[in-house]
Amino acid sequence: MTRHELDARRLLCPLPVIRVQEKMTTLPSGDTLDVLCTDPGALNDIPAWCRINGHKVIDTRTEEHHIIITIEVG
Amino acid sequence: MGPFLFAGSLARRRRHRAVCSCRGFALVLPLPLRRPKAYSMTEQRKAVALISGGLDSMLAARLILEQGIHVEGINFFTGFCVEGHTHAIRNHHRQKPKRNNALWVAEELGIKLHIIDVIEEYKDIVISPKHGYGANLNPCLDCKAFMVGKASAWMGQNDFDFIITGEVIGQRPKSQRRDTMPLVARESGAFDRLLRPLCAKLLPPTLPEREGWVQREKLLGLNGRNRKPQIRLAARFGIDDYAQPAGGCCFLTDRSYANKLSDFWQARGDKSYELDDIMLLKVGRHLRPRAHFKLIVGRDEGENNFLSGYRRQYPHLYPTSHKGALVLLTGKANSDDLQLAARLTARFSQGRDAARVSIAVCDADGHQQTLTVRPLTPNEIPPHWYL
Ligand code: SF4
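Residues numbered from 1 in each chain as written. Chains lettered and ligands numbered in written order. Predicted model: local features only at pLDDT ≥ 70, side-chain atom pairs only at ≥ 80, totals over all residues. Heavy atoms only, no water.

Concerning the interface of chain A and chain B
Facing 19 residues of chain A, the contacting portion of chain B comprises 24 residues. Counting the surface chain A buries against chain B, the share from its top three residues, A:R10, A:L12 and A:I52, is 31%. Between B:D117 and A:R19 there is a salt bridge, with the nearest N and O atoms lying 3.3 Å from each other. Inspection of the region where chain A meets chain B yields five residue pairs in polar contact (both at pLDDT 80 or more). Residue assignment for the side of chain A that touches chain B shows that the elements contributing at least two residues are α1 (15-24) and α2 (42-53) of chain A. Looking at the side of chain A that touches chain B, the element that brings in the most residues is α2(A), giving seven residues. Class assignment for the residues of the side of chain A that touches chain B results in 10 nonpolar, four polar and five charged. (Contact = heavy atoms within 4.5 Å. Buried area = accessible area lost by both parts, 1.4 Å probe. Salt bridge = Lys/Arg side-chain N within 4 Å of Asp/Glu carboxyl O. Polar contact = N/O pair within 3.5 Å; in protein donor to acceptor, adjacent residues only side chain to side chain. Helix = DSSP H or I, 4+ residues; strand = E, 2+ residues; numbered from the N terminus. Nonpolar A, V, L, I, M, F, W, Y, C, P; charged D, E, K, R; others polar.)

Structure, rendered in structure tokens:
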């Protein structure tokens, strides 16, 4: 299980979702991806995208200047 | 489990899909196909649905799901889409749910959604549409052919059988007419693999209908701008809370946005753009006091924060003696222009009625000077400065 990171800061939705979608196609099941974003819309969109595409959001935390969403590849 | 018609709620159907491996009820015969492919009698047919996030494409996908077809959604991000951006940026939108409507539709329908970035390829469509623009800068006909064409390519790459859209004859005066329907099918390259379930009965049978993958009699014959049939159908399916966009699916149908884009092209001297350019047109008050420079004025804290992300790309101004807007300056400004820009910035600050307001004027390299100015009065701002 490897942990990966995706910087989607300053991107507005749906671009963070698109970048996640592109990245996820390269990752094996069980790996995790930390997505860094600044658009609060990502808090809704990335979990929604994960739900319909069989991935799991395992953590969401807000840092001072950005949000980190951790996804487990389904 | 045998052939099954999903007449119940979406949630019930989703649960069913989760536990049952039923392959739907479409019986198929060997076909004359564009793509050589060996089909079995019971092969699950697959449709890719263009999902805009609005009601029509949702209903179209739902009608096809009801016929036991495997449906996945596709949504194209052009950069002009009316989606979460402005909601995410503006303060007074912060309380609204920031959902992406296409994702919401997909989740309600229980289908996958593929969101495709077409920002670069779409430029040609906006800049020089073969079929021209609609009421504003919306190149709807070219846009539809482009999107169906992209969906057609996706269909080929992913072994899907046909494409569905939520188009309705007569719904839009330029792009959804009886005579434009075959044009989109032809120019996209989708030909008779393009099915419009909401108005299929008014059009010649497509391949999925002729081959019996879908039953034509269960499709609809909607026509015209009346939305009541769609609203009734949504109620029948138990769908509420759907998005009701006022104009179309993108900012290009918006008069104010189109004015700003025209102005941008005119000032630039050609019809090109980058993503940041068209994003900035969605945000703030835009004023062009002189032909060679423009100001973008944040209207609230959310917009100021968003604009501040561009401080290293553009000269900008903000008040230091009072609270007020962050203002980006695009174009070229001489010292007189900077005085004028500072007076306008003062106008949009809490010092608008003060005798003097101090304004920081910064260039994109970080050099800063302070100008102390008298704010412009409303009468000193001609209406034509506002874009
Ligand atoms: S409204 Fe915009 S996205 Fe929709 S068809 Fe017209 S140009 Fe394309």
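What follows continues from the structure just given.
Describing the packing of helix α5 (residues 119-127) of chain B against helix α6 (residues 140-157) of chain B
All names here are of chain B. Across the interface, α5 lies against α6 with an axial gap of 9 Å and an inter-helix angle of 150 degrees. In terms of axis orientation, α5 runs roughly antiparallel to α6. Note on packing geometry: the crossing formed by α5 with α6 is right-handed. Contacts from E121, Y122 and I125 in α5 reach D142, C143, F146, M147 and K150 in α6. Classifying every residue of the contact of α5 with α6 gives five nonpolar, no polar and three charged. (Axes fitted to C-alpha atoms, helices over the stretch in contact; angles between N-to-C directions. Parallel < 35°, antiparallel > 145°, perpendicular 65-115°, else oblique. Left-handed = near helix turned anticlockwise from the far one by under 90°.)

A closer look at the pairing of strand β2 (residues 70-77) of chain B
Residue and element names in this part refer to chain B. Taking burial as the measure, the eight residues of β2 include seven buried ones, the bulk of the element. For the crossover that starts at strand β1 (residues 46-50), traverses helix α2 (residues 55-65) and ends in the parallel β2, the hand is right-handed. With five bridges joining them, β2 and strand β3 (residues 113-117) adopt parallel strand pairing. Among the inter-strand pairings, N75 is bridged to a residue of β3, identified as I115. (Buried < 20%, exposed > 50% of the residue type's maximum accessible area, 1.4 Å probe, protein only. Right-handed = clockwise from strand over helix to strand, strands pointing away. Pairing = 2+ DSSP bridges.)

Here's the deal with the confidence of the model for chain B
Detailed reading of the predicted coordinates is not advisable wherever pLDDT is low. Residues and elements named next belong to chain B. Averaged over every residue, the pLDDT of chain B is 87; the share at 70 or more is 84%. Here residues 1-36 scores under 50 on pLDDT; set against residues more than four positions off or in separate chains, the count is 75 contacts. This complex was scored by the predictor with a pTM of 0.87 and an ipTM of 0.94. (pLDDT = per-residue confidence, 0-100.)

Concerning the site of the ligand
Near the ligand you find B:Y122, B:P139, B:C140, B:C143, B:C249, B:C250 and B:T253, and these make up its full shell. Its residues assigned to classes, the shell around the ligand comprises six nonpolar, one polar and no charged. (Near = heavy atom within 4 Å.)

Concerning α1(A)
Counted residue by residue, α1(A) has seven buried out of 10 residues, so it is predominantly covered. Listed in full, the buried residues belonging to α1(A) are A:L15, A:P16, A:V17, A:I18, A:V20, A:Q21 and A:M24.

Considerations on the sheet that holds strand β10 (residues 357-362) of chain B
Residue and element names in this part refer to chain B. In spatial order, the strands read β6-β7-β9-β8-β10-β11; together these six strands make up an open sheet with antiparallel pairing. Strand pairing shows two members of the sheet lacking a second neighbour, β6 (285-290) and β11 (368-373), which therefore form its edges. Sheet twist, expressed as the mean angle between neighbouring strand axes with direction ignored, is 25 degrees. In terms of strand pairing, β10 meets β11 through six bridges, oriented antiparallel. Within β11, the residue paired with V357 across the bridge is V373.

Side note on the sheet that holds strand β4 (residues 67-72) of chain A
Residues and elements named next belong to chain A. Pairing within the open sheet is mixed, and its four strands lie in the order β1-β2-β4-β3. Every other strand in the sheet has two partners, leaving β1 (3-8) and β3 (56-62) as the edge strands with one partner each. Between one strand axis and the next, the sheet turns through 20 degrees on average, direction left out of account. Pairing analysis gives six bridges linking strand β2 (residues 32-37) to β4, with the strands arranged antiparallel. Paired with V35 across the strands is I69, a residue of β4. Across the sheet, α1 lies against β1, β2 and β4, angled at about 150 degrees from β1, the strand it touches most. On top of the sheet, α2 reaches β2, β3 and β4; it is set at about 5 degrees to β4, its chief contact.

Regarding the side chain of B:T165
Residue and element names in this part refer to chain B. Following the sequence through the fold, T165 ends up in the loop between β4 (162-164) and α7 (180-188). You can call T165 buried: its relative accessible area is 5%. There is a polar contact of 2.6 Å between the side chain of T165 and the side chain of E167. Setting aside anything within four residues of it in sequence, one finds T165 in contact with L50, A60, V148, L194, L195, R196 and P197.

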